[in-house]
Structure formats: C-alpha cells, structure tokens
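# Residue-level structural notes
Below, each chain spelled out in residue letters.
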Amino acid sequence: MSTRIPHYMIVGGGITGLSAAFYLKKRLESEGAPFRISVVEKSPSFGGKIHTLEKEGFVIEKGPDSFLARKRPIIDLAYDLGLEHELTGTNPKAKKTFIVRQGKLHPMPPGLVLGIPTQMTPFMKTGLISPLGKLRAALDLVLPKREVTNDESLGHFLERRLGKEVLERIVEPLLAGIYAGDTFKLSLKSTFPQFRTMEQKHRSLILGMMASRKNVAEETAHLPSAVRNSVFVTFKKGLQTLVSGLVAALDSTDLRTGVGVASVRQSGQQAEVVFEDGRSEMVDGVILTSPVHQAAKMLAHFPAASELNKIDYISVANVIMAFDRKDIPFELDASGFLVPRSEGSTITACTLTSAKWLHTAPDGKVLLRCYIGRSGEQEWPALSDAQLISKARHDLRSLLGLTAEPLFTEVTRLMHSMPQYPVGHLEQIARFREELEAAMPQVLVTGAGFHGVGLPDCIRQGKEAAWQLADRVSA
Ligand code: FAD
C-alpha cells in the first residue's frame, strides 16, 4: 500500500482558485486522510480581479465592488469564514438609477428587473422609450414563444420579445455593466438562461418576470439582519476582506505568489506542472482557474484546448475620482447612471460610489467611478491615463455639470478581463470538458470564463471543481 500523501495544486489565486482551495481543504479535512494543497499565483498577490485600495480614508474597489445578495455561494462562504458581520448593504436613500438619453439623465422606471418591465404604468410613462417603442415592448404579452429551443444571442432574444428600443436604450446598457459585451454575440443560455425558461413557461418575458419576481426581503432572508433588504451587498472594508479571509483560512496550505505555470500535462496517474522558470512538479490533481486564454496556453499540447480561444475577452478601464462634497453640483440620492452606445460618450456608466456605499468615503468627501470600454469600443487602451481622465471628466461635465478638479484620481486598466460567452458556449464547454477528462483526468479547468462571471458564480465553480477533483483522486 502506498503511503504517499496526495498533492493537489490550484493554479490561479483569484476568487475561483482560493475558493477551490478552501473547499478542497474543508472536504479533505472532513475525510480525515492526509493531503497537501498548493496554490500557485503568477502575480505578486492573491485576489485576481479583486483589488481594494485604502487611500486617505476612502475604500476604493479597482475591480469588482459588490455582489447580488440573493446568490448564496458568496454568503455561505462569508459565514464559513466567520465574516458575515463584515457585510454591508447599499444606502437605502440612493436607490435611483438613471439612463442617459440624448444627453440627459432619465430615471429608470420603477419595476424594471434586469431591464425587463414588471410594472406597466411607470414603464408607459418613461421618457426613455418612444410611444411606438412602448407598444412594441407590450407586444411581448401576446407574441408566441419560440418553439426551437437551441441557443440564440441575448440581443436577438430581447429584440424578438421587447423590440429594438428597449434593448438598445435600457437592457443593453444595464447588462453591459456585467459583460461589457455586444448582446448580439453573447449566448442567451450562458448569460441569462432564466429569460429563456420564462419564455418557455409563460410565453411572455414580461409575464414570466412578473411571476418569478420575489420581494427583496424573501430573496435576502438568508443574510444577517443588518443587511437584509439590500439587493447588492459588499464588505465594509472592501472585497479584499474576502480574499484575506480565504488566505487566512488556508494557513496550513502551501501558498505561492509570483509563480507562473507554463504547462500542465497528464503523466501516468499524475499531472506534471511545468513552471515558467523551467522547474516542474508532479501532483495528483490540478485545477486551472486562470482566465481561459491562459489555460489554453498551459494546455497548448492538447488539441481541444484551442476551443478555449473561442471565448473572447473585452478590456475595460475605470477612472475613479475623489471630490470635496461642496464641489458636487447635484443631489447624491442615486446610485449612478448608465450610458447607451448611441450616446457616443467615452464612459459607459458612472457609479456615485460614496452615495451608493456609505462606507467608501470619509465625511464631506465624494467618490465617483466611471467605466470605459465595451465590445466594439476597444480603442481606449491606446490612450494614456491622463487622456482617459480627461475624457471621463469631459463626460461628467456635460452630463452632470461637474467641473471641479478631483482631489485625486485612480485609473485601472483591466486588459482582457471580461469573458464573452459566445452562442453555443455551454455545448462547446461540455465537449471540451469531456475530451479533457478522457485525455487528462487529473486536470480540471474552471473559473469566470466558463459558467458565470459574478463572484458568487466563481465561488460555486471553484467549490464544484474541488469536489470533482477530490472524487477523481480518491477513485
Ligand atoms: P481571476 O480573478 O482573473 O483570477 C485568475 C488568477 O489566475 C489571476 O490572479 C491570475 O494572475 C492568475 N494566473 C493567470 N495566469 C496564470 C499562470 N500562468 N500561472 C499562475 N497563475 C495565473 N463580479 C461581481 O460579482 N461583482 C462586481 O461588482 C464585478 N465587477 C467587475 C468589474 C470589473 C472591472 C471586472 C473586470 C469584473 C467584475 N466582476 C464582478 C467579475 C468578477 O470580478 C470576476 O469574474 C472574478 O473576479 C474572476 O475570478 P477568477 O478567480 O475566475 O479569475
């Protein structure tokens, strides 16, 4: 009988990789057998896209800033790490969101869920959509459902159900915040499968959304009482709290930063991991959690890995600005505004961060975050930080009348950071995974490029991969 201790390696120390390591450790500890886990991260620190900066009393998120409270995996993880008391919700006094139409800010009509109207009276009154556009949207109530159930693009689906105006002026700018994508290239089944289910079940998307709508209290009943009733939630000291909590919980684990993996191969019953410095290590199981184009490089010798290169990534930038409250010429009673493509602005959205999240700025100060870049608008990387700041300030001047000099600015360039699931993505991924399992059973690949980009989805995927690997190695 072999006495060798099984060695597991997680490649990538973003939220997917750290969650995979955490849940793998938890499971193996519960089984009582000895094991060894290593997490190898190419950059100098853990967290991947998560990056909280504390500066002059501000809590600044340079990557993700919050998550949907109704999604359980991240709340469960917060409880698992004993961090539930660190959660905080949005400011109830800043609930409004605006959408720009012909250079003016219009309030988003109440009752929109993911841009789909669930209350017809406010929708019929909005200045964002023309009377004809409203009639076209209302046709959704009577149009038949699509009988063919194969995948289609999100844009095609929404245009088919609600018409071009609702798609372009409301839904697309709203969803752009999540994918920065072209809705006509994104897979419906991989991004919003619930829309398709609603059409199949209720025929109409509006009726389906109305029927499935739960109140916020119901959806957030699992949260600590202090943050119940908030649709979005984050941590009082920023999302870095979650990363630090995971790293602390992985104390007995071999955590390595500044170590890049060059390739991974099956070798007998084990996997050989070759590092970028030429060293290599044999392990009993590996989970790759890097962005998929990096995973494709690590598996370049495996023909099916080229499938992964079909998943395009969009680059986005953020321009974050701090101001004195006295220099702000508008009410801070909204969470921000969205800018449709047709407006021709540089920024795609702006969050009034310190109005939405009260913990992010000291008294008397204001924090704003502008987003730049989406599918089809990928010229921005050629601009310097100073040019990005100048363009963002130009847009804020014309949309909000904000002319004051910021106290400071922070620019983040997130190159190739937003995965775009193409039509047929789920089927392609399923085929790729089948082939990978047959050729390299000791290797799993997961993360934001596969089944969901949101932090809760990444945590779920990390946990699922951890359990799968434990099953395979112990089989
Ligand atoms: P990553 O965070 O990309 O981690 C992968 C890690 O792998 C990285 O640390 C990388 O350095 C490492 N790596 C790469 N190559 C190698 C290699 N060869 N060897 C070793 N390591 C390697 N989601 C939300 O839920 N809420 C939000 O508010 C939100 N906002 C967002 C805003 C922006 C600007 C962006 C870009 C994304 C946002 N998201 C948000 C999405 C979410 O942040 C990401 O999908 C998620 O953080 C991805 O986690 P991950 O671990 O899968 O990948």
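Here is a short report on the structure shown in this document.

Conventions we followed
Residues numbered from 1 in each chain as written. Predicted model: local features only at pLDDT ≥ 70, side-chain atom pairs only at ≥ 80, totals over all residues. Heavy atoms only, no water. 1 Å grid on protein atoms, 1.4 Å probe; cavity = no way out; pocket = protein on both sides within 12 Å on 5 of 7 lines; lining within 4 Å. Points joined across faces, edges and corners; volume = space filled by probe spheres on them. Helix = DSSP H or I, 4+ residues; strand = E, 2+ residues; numbered from the N terminus. Nonpolar A, V, L, I, M, F, W, Y, C, P; charged D, E, K, R; others polar. Salt bridge = Lys/Arg side-chain N within 4 Å of Asp/Glu carboxyl O. Buried < 20%, exposed > 50% of the residue type's maximum accessible area, 1.4 Å probe, protein only. Pairing = 2+ DSSP bridges. Contact = heavy atoms within 4.5 Å. Near = heavy atom within 4 Å. Polar contact = N/O pair within 3.5 Å; in protein donor to acceptor, adjacent residues only side chain to side chain. Areas by Shrake-Rupley, 256 points an atom, 1.4 Å probe, with all protein chains shown as cover. Expected span 1.5 Å × (residues − 1).

### Considerations on empty space enclosed by the protein
All told, the structure shown has 2 cavities of 30 Å³ or more when counted by the stated rule. As for the largest cavity, its lining consists of 15 residues, and the residues nearest its centre are Val59, Glu61, Asp65, Thr353 and Thr360. Sorting the residues of the lining of the largest cavity by element identifies β4 (58-61), β11 (232-235) and β20 (365-372) as the ones contributing at least two each. Residue composition of the lining of the largest cavity, grouped by class: 7 nonpolar, 5 polar and 3 charged. Lining the second largest cavity, in full, are Leu68, Ala69, Arg70, Glu219, Thr220 and Val231. Considered class by class, the residues forming the lining of the second largest cavity number 3 nonpolar, 1 polar and 2 charged.

### What about the pattern of salt bridges?
For the coordinates displayed, the defined rule picks out 35 salt bridges. Residue Arg36 is joined to Asp254 by a salt bridge in which the shortest nitrogen-to-oxygen separation is 3.6 Å. Of the two residues, Arg36 is situated in strand β2 (residues 36-41) and Asp254 in strand β12 (residues 254-257); the sequence distance between them amounts to 218 residues. Residue class for Asp254 comes out partly exposed when judged on its relative accessible area of 23%.

### Some thoughts on the sheet that holds β11
Pairing between sheet strands relies on hydrogen bonds along the backbone, with the strands arranged either parallel or antiparallel. The strand order across the open sheet formed by 3 strands is β5-β11-β6, and the pairing between neighbours is antiparallel. A strand with exactly one partner marks an edge of an open sheet, and here the two such strands are β5 (67-68) and β6 (87-89).

### With respect to the side chain of Lys25
By secondary structure assignment, the location of Lys25 is in helix α1 (residues 15-31). In this structure, Lys25 is in contact with Phe35, Ile37, Ala249, Leu250, Asp251, Ser252 and Thr253, ignoring residues within four places of it in sequence.

### A short note on the site of the ligand
Lining the immediate environment of the ligand, one finds 34 residues, of which Thr16, Glu41, Lys49, Ser66 and Val453 sit closest. Asp65 is positioned with one of its backbone polar atoms (N or O) 3.1 Å from an oxygen atom of the ligand. In the environment of the ligand, an oxygen atom lies 3.2 Å from a nitrogen or oxygen atom belonging to the backbone of Ala448. Calculation on the ligand without its partners gives an accessible area of 1000 Å², and the protein chains cover 89% of this total. Sorting the residues of the shell around the ligand by element identifies α1, β2, α12 (292-298), β21 (408-420) and α16 (455-474) as the ones contributing at least two each. Here the shell around the ligand is built from residues that sort into 16 nonpolar, 14 polar and 4 charged.

### Notes on unusual backbone geometry
One non-glycine residue, Gln102, adopts positive backbone phi at about 50 degrees. Along the chain, Gln102 falls in the loop between β7 (96-101) and β8 (104-107). Phi angles above zero are rare outside glycine, and Arg203 is one such case at about 70 degrees. Judged by relative accessible area, which is 32%, Arg203 ranks as partly exposed.

### Here we look at α16
Helix length check: α16 (20 residues) gives 29 Å between terminal C-alpha atoms against 28 Å at 1.5 Å per residue, within 8%. Buried within α16 are the following residues: Leu455, Pro456, Asp457, Cys458, Ile459, Gln461, Gly462, Ala465, Ala466, Leu469, Ala470 and Arg472.

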